[in-house]
Amino acid sequence: MKPLIDFFLNKDHARKVETELYPDPISSRSVEDLPIRSRGLIANTISTCTGCRDCAQVCPTGCIDIETQEQPKSFRLWVSKFDVRISECIFCGLCVDACEPESLTQTKHIQNASAGAEGQVLSFGKGRLDI
């Protein structure tokens, strides 16, 4: 019985306790450390967006809201509202693939904590056009 007690009291045989930190300070120091094909939040270059609504039609969750207005003396549509509800987005990238003018991109920014629902909507629209 004595050798068994000595075994448990011997510090050389004790297990080392490890706690992993989140995020891992070694592997994820910055956004550049993420894998190459990682998909983050959606960004829209609204100046090149045509308001065609292809991205909203292909979205499986319907998290993209687009409102457009016709501009007087112009053939282009005015994108007054382009909202993406992040809480519903599954970051699949289908909207980015469907965007012909390539105004939609997926960033590597993956964290978007907010205190309320207002912070979970990304707004890219130009605002209402007063005609």
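Data block above holds the structure.
Residues numbered from 1 in each chain as written. Predicted model: local features only at pLDDT ≥ 70, side-chain atom pairs only at ≥ 80, totals over all residues. Heavy atoms only, no water.

Caption draft 1: Seen up close, the overall build of the chain. A count of helices and strands for the chain gives three helices and five strands. Its helices and strands in sequence order give the chain the pattern α-β-α-β-β-α-β-β, from N to C terminus. Counting every position in the chain, which comprises 131 residues, the buried fraction comes to 22%. In the chain, the share of contacts with a sequence separation of at least 24, taken over all contacts with a separation of at least 6, comes to 71%. For the chain, the exposed surface amounts to about 10,000 Å²; the carbon and sulfur share of it is 55%. (Helix = DSSP H or I, 4+ residues; strand = E, 2+ residues; numbered from the N terminus. Buried < 20%, exposed > 50% of the residue type's maximum accessible area, 1.4 Å probe, protein only. Contact = heavy atoms within 4.5 Å. Areas by Shrake-Rupley, 256 points an atom, 1.4 Å probe, with all protein chains shown as cover.)

Caption draft 2: Examining the sheet that holds strand β5 (residues 121–123) more closely. Strand order in the open sheet made by the three strands is β2-β3-β5, with antiparallel pairing throughout. The open sheet is flanked by β2 (64–70) and β5, the only strands paired with a single partner. When the angles between neighbouring strand axes are averaged without regard to direction, this sheet yields 15°. Bridge analysis of β2 against strand β3 (residues 77–85) gives seven bridges, and the strand direction is antiparallel. Residue E70 lies in a different strand from β3, and its bridge partner there is L77. (Pairing = 2+ DSSP bridges. Axes fitted to C-alpha atoms, helices over the stretch in contact; angles between N-to-C directions.)

Caption draft 3: Local environment of the side chain of Q69. Assignment of secondary structure puts Q69 in strand β2. For Q69, a relative accessible area of 11% gives the class buried. Look past the residues within four positions of Q69 in its chain and what remains in contact with it is L77, W78, S80, G127, R128 and L129.

Caption draft 4: The arrangement of the nonpolar core in detail. Residues C55, I64, F82, V84 and L104 are the most contacted members of the largest nonpolar core, which totals 19 residues. When contributions to this core are tallied by element, the ones reaching two or more residues are β2 and β3. Apart from residues lying up to four places away in sequence, F82 is in contact with N44, I46, C49, C55, I64, D65, I66, L104, L122, S123, F124 and G125. (Core = buried A, V, L, I, M, F, W, Y, C linked by side-chain atoms within 4.5 Å.)

Caption draft 5: Region of interest: the pairing of β3. Hairpin remark: β2 followed by β3, antiparallel, with six residues in the connecting loop; positive phi at K73, about 60°. Across three bridges, the pairing between β3 and β5 is antiparallel. Counterpart to R85 in the pairing with β5 is V121.

Caption draft 6: Inspection of the packing of aromatic side chains at higher detail. In this structure the tally under the stated criterion is one aromatic pair. Between the aromatic rings of F82 and F124, the centroid separation amounts to 6.3 Å while the plane-to-plane angle is 65°, which identifies the pairing as edge-to-face. On the criterion of sequence distance, the pair formed by F82 in strand β3 and F124 in the segment after β5 is long-range, its members being 42 residues apart. For F82, a relative accessible area of 1% puts it in the buried group. Above the plane of the ring of W78 lies K126, whose end atom (NZ or CZ) is 4.6 Å from the centre. (Phe/Tyr/Trp six-rings, centres within 6.5 Å; stacked < 30°, edge-to-face > 60°. Lys NZ or Arg CZ within 6 Å of the ring centre and 35° of its normal.)

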